[in-house]
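So you can see what is in the structure, the chains are spelled out below.
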Amino acid sequence: MVSFDQVSKVYGDVRAVDGLTLDLHPGETVALLGPNGAGKSSTLDLLLGLRAADSGTVSLFGTTPQAAITAGRVGAMLQSGGLMEDVTVEELVRLACDLHPRPHPVGEVLARAGIASIAGRMVNKLSGGQEQRVRFALATAGASDLIVLDEPTTGMDVTARQAFWATMREQADQGRTVLFATHYLEEADAIADRVLVLHKGRLLADGTAAEIKAKAGARRIAFELEGPIDRAALRALPFLASLDVNGRRVRIQSHNADATVHALYGLGLYPRELEVAGLGLEQAFVAITEAEEARNSC
């Protein structure tokens, strides 16, 4: 459905995309993660034909991005670019439906995006969250096979975000591929079938959220200690990746939780409310990107 084959994009001395190779498949919901400057927006621009690759090939449905978009096979919701003013929400959505080769009924598009109640409102009178839902309506005005979303829930409240992702899951269940970039890592953890981690234009990790967490190679240990806390002794624990002490509460990341806990008791300490768990996606994301930075600085 989507293929990047050794794709690179350079801006001066900056390699925004660096030899990126990946494939997306029908029905997947894919999260694109990365710190600022990781190349997420450049990757989406290349996918949508907004910029040309300096090397490598980007193909959508066996053809060029431009041809796929002209055929109505791609819907996109981007952060950049404003909405038309001096028109109502319904007029703008109707225009998008009229322009799409395979349009949905206007009323259906308005209802799906949760904006039927503001259909008569002028676009320049919308809140930030309402503008995002209008952008979503424009991206789903027709029966596209691929939906591309760049930070789609920015400005939405919790209820709107939950409704938005329920709609996106319905789209994926109908066989459409949903690719979204987000800085809400809890969304990626809960929604995505597959997670891509970019760093300085290169693909660092590709897998399910559980696989990404496992790739970080660390687990969380949390407990409370009574009396004075010897930070130096805690820092000397084996397989320690990080240590955080807040009052009596101690939080550790360890590359071998069993050995770390065993050594903790070996110090004569008796932790209370001991918890051992895998890293969340956010902690795993930070661990993976920090490890990459450390390798690059060597």
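Residues numbered from 1 in each chain as written. Predicted model: local features only at pLDDT ≥ 70, side-chain atom pairs only at ≥ 80, totals over all residues. Heavy atoms only, no water.

**Looking at the overall build of the protein**
For step 1, the next point in the chain: Helix and strand content of the protein: 11 helices and 13 strands.
For step 2, the next point in the chain: Taking the principal axes of the C-alpha coordinates as reference, the protein spans close to 75 × 45 × 35 Å.
For step 3, the next point in the chain: Counting only residues that meet the buried cut, the protein has 46% of its 298 residues in that class.
For step 4, the next point in the chain: Sequence separation of 24 or more characterises 68% of the internal contacts of the protein that already satisfy a separation of 6 or more.
For step 5, the next point in the chain: Within the structure as shown, the protein displays about 14,200 Å² of accessible surface, and the carbon and sulfur contribution to it stands at 49%. (Helix = DSSP H or I, 4+ residues; strand = E, 2+ residues; numbered from the N terminus. Buried < 20%, exposed > 50% of the residue type's maximum accessible area, 1.4 Å probe, protein only. Contact = heavy atoms within 4.5 Å. Areas by Shrake-Rupley, 256 points an atom, 1.4 Å probe, with all protein chains shown as cover.)

**Description of the sheet that holds strand β10 (residues 219–224)**
For step 1, the next point in the chain: Strands sit in the order β11-β12-β10-β13 across an open sheet of four strands; the sheet is antiparallel. Each edge of the open sheet is held by one strand with a lone partner, namely β11 (240–246) and β13 (272–278). In this sheet, adjacent strand axes meet at a mean angle of 15° when their direction is disregarded.
For step 2, the next point in the chain: Strand direction decides the pairing type here: β10 and β13, joined by five bridges, are antiparallel. Note that in β13 the partner of Arg220 across the bridge is Ala277. (Pairing = 2+ DSSP bridges. Axes fitted to C-alpha atoms, helices over the stretch in contact; angles between N-to-C directions.)

**Remarks on the environment of Val30**
For step 1, the next point in the chain: Inspection of the secondary structure assignment puts Val30 in strand β3 (residues 29–33).
For step 2, the next point in the chain: Sequence-distant contacts of Val30, that is, excluding residues within four places in its chain, are made with Leu24, Val178, Leu179, Phe180, Arg194 and Leu196.

**Overview of the environment of Ser127**
For step 1, the next point in the chain: Positionally, Ser127 belongs in the loop between α4 (106–112) and α5 (128–139).
For step 2, the next point in the chain: Taking the relative accessible area as the measure of exposure, Ser127 reaches 37% and is therefore partly exposed.
For step 3, the next point in the chain: Taking the C-alpha atoms as reference, Ser127 lies 8.5 Å from Gly155; in sequence the two are 28 residues apart.

**Concerning helix α10 (residues 257–266)**
Think of an α-helix as 3.6 residues a turn; residues three or four steps apart then line up on the same face.
For step 1, the next point in the chain: Taken residue by residue, α10 has Ala257, Thr260, Val261 and Leu264 as its buried positions. Angularly, the buried residues of α10 cover 95° about the axis, an arc narrow enough to put them on a single face. Opposite the buried face of α10, at more than 90 degrees from it, the exposed residues are Asp258, His262 and Gly266.
For step 2, the next point in the chain: On its buried side, α10 packs onto β10, α9 (231–235), β12 (249–254) and β13.
For step 3, the next point in the chain: Immediately downstream of α10, the backbone of Gly268 shows phi near 85°, a positive value. (Arc of directions from axis to C-beta.)

**Concerning the pairing of strand β1 (residues 2–11)**
For step 1, the next point in the chain: Both β1 and strand β4 (residues 55–60) contribute to a ladder of five bridges, which runs antiparallel. Bridged to Phe4 within β4 is Val58.
For step 2, the next point in the chain: Two successive antiparallel strands, β1 and strand β2 (residues 14–24), enclose a turn made up of two residues, where Gly12 displays a positive phi of approximately 65°.

**Looking at the nonpolar core**
For step 1, the next point in the chain: If you look at the biggest cluster of nonpolar residues, it comprises 50 residues, and the most contacted ones within it are Val93 and Ile115.
For step 2, the next point in the chain: Discounting residues that sit within four places of it in the chain, Val93 has contacts with Val106, Val109, Leu110, Ile115, Ala137 and Leu138.
For step 3, the next point in the chain: One finds Val7, Leu44, Val74 and Leu198 within the second-largest nonpolar core, a separate group that totals 25 residues. (Core = buried A, V, L, I, M, F, W, Y, C linked by side-chain atoms within 4.5 Å.)

**Structural notes on the side chain of Asp150**
For step 1, the next point in the chain: Mapping Asp150 onto the fold places it in strand β6 (residues 146–150).
For step 2, the next point in the chain: Asp150 has contacts with Ser41, Leu44, Met77, Leu78, Gln79 and Ala181, leaving out every residue within four places of it along the chain.

**With respect to the pairing of β12**
For step 1, the next point in the chain: Among the six residues in β12, five count as buried, and that is most of the element.
For step 2, the next point in the chain: Across six bridges, the pairing between β10 and β12 is antiparallel. Directly across from Phe223, in β12, lies its bridge partner Val250.
For step 3, the next point in the chain: Looking at chain direction, β11 and β12 are connected through six bridges and run antiparallel. Bridging from a neighbouring strand, Leu240 pairs with Ser254 of β12.

**Quick word on the sheet that holds β1**
For step 1, the next point in the chain: Across the sheet, which stays open at both edges, the three strands sit in the order β2-β1-β4 with antiparallel pairing between neighbours. At either margin of the open sheet sits one strand with a lone partner, and together these are β2 and β4. For this sheet, the mean inter-axis angle between neighbouring strands, taken without regard to orientation, is 25°.
For step 2, the next point in the chain: Strand contacts of helix α1 (residues 40–47): β1, β2 and β4, with the helix running at about 120° to β1, the strand carrying the most contacts.

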